Amino acid sequence: MYEDFTQERIAQLRMQKGSSARDMSLSLGQNVSYINKIENKKALPSMQGFFYICEYLGVTPQEFFDEGNTCPERLREFLAEGQKLEPSVLRHVLEVIKDLNRKQEKRKGP
């Protein structure tokens, strides 16, 4: 179960970063096919390799395994910016987000 998730999550986050599997492999100091083998379910990274992958992707291991967090870097940035807001402004931003989510759910339909 987690093997598939791990491989799919690496691919998802790598693509969000705009990096090719080859470039990522080389940036990690690995063979050009290293990430490709992982994403194609032919290999799993070692624990140390996993930590290097997380560092490259700009995510913590906790963020990596958080299935509900599809864009960990953006969410972290959003929260950092939100912490700078005054409480009254933050309340307004929260209401806008809730409204956007309601509209998005309506568009998706049943």
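Preceding this section is the structure that the text describes.
Predicted model only: the values in this text are computed from it and were never measured. (Residues numbered from 1 in each chain as written. Predicted model: local features only at pLDDT ≥ 70, side-chain atom pairs only at ≥ 80, totals over all residues. Heavy atoms only, no water.)

Engineer: Explain the environment of Arg9 here, please?
Structural biologist: Tracing the chain through its elements places Arg9 in helix H1 (residues 2–17). Beyond its immediate stretch of four places on either side in the chain, Arg9 contacts Glu63, Phe64, Asp66, Asn69, Thr70 and Pro72. Within the structure, Arg9 has its side chain in polar contact with the backbone oxygen of Glu63 (distance 2.9 Å). (Helix = DSSP H or I, 4+ residues; strand = E, 2+ residues; numbered from the N terminus. Contact = heavy atoms within 4.5 Å. Polar contact = N/O pair within 3.5 Å; in protein donor to acceptor, adjacent residues only side chain to side chain.)

Engineer: How should I be thinking about the environment of Val32 in this particular structure?
Structural biologist: Relative to the helices and strands, Val32 resides in the loop between helix H2 (21–27) and helix H3 (34–39). Overall, the relative accessible area of 40% leaves Val32 in the partly exposed class. Note: C-alpha distance between Val32 and Arg22 (10 residues apart in sequence) is 5.1 Å. If sequence neighbours within four positions are ignored, Val32 has contacts with Ala21, Arg22, Ser25 and Leu26. (Buried < 20%, exposed > 50% of the residue type's maximum accessible area, 1.4 Å probe, protein only.)

Engineer: I would appreciate a short explanation of the pattern of salt bridges in the present structure.
Structural biologist: Where charged atoms of side chains with opposite charge meet at close range, the side chains can pair. Evaluated as defined, the whole model comprises eight salt bridges. Between Glu95 and Lys98 there is a salt bridge; the shortest N-O distance is 3.9 Å. In this pair, Glu95 and Lys98 both sit in helix H7 (residues 87–108), three residues apart, roughly one turn of the helix. With a relative accessible area of 37%, Lys98 lands in the partly exposed category. The salt bridge involving Lys103 is made with Asp99; its shortest N-O contact spans 3.2 Å. One end of the pair, Lys103, and the other, Asp99, are both in helix H7, four residues apart, so they sit about a helical turn from each other. The exposure class of Lys103 is partly exposed, given its relative accessible area of 45%. Judged by its relative accessible area of 30%, Asp99 falls in the partly exposed class. It is possible to trace a salt-bridge network through shared partners that takes in Asp99, Arg102 and Lys103. (Salt bridge = Lys/Arg side-chain N within 4 Å of Asp/Glu carboxyl O.)

Engineer: I would appreciate a short explanation of unusual backbone geometry in the present structure.
Structural biologist: Glycine aside, negative phi is the norm for most residues, and most peptide bonds take the trans geometry. The phi dihedral of Lys41 is positive, around 60°, even though this residue is not glycine. Along the chain, the position of Lys41 falls in the loop between H3 and helix H4 (47–57). Classification of Lys41 as partly exposed rests on a relative accessible area of 43%.

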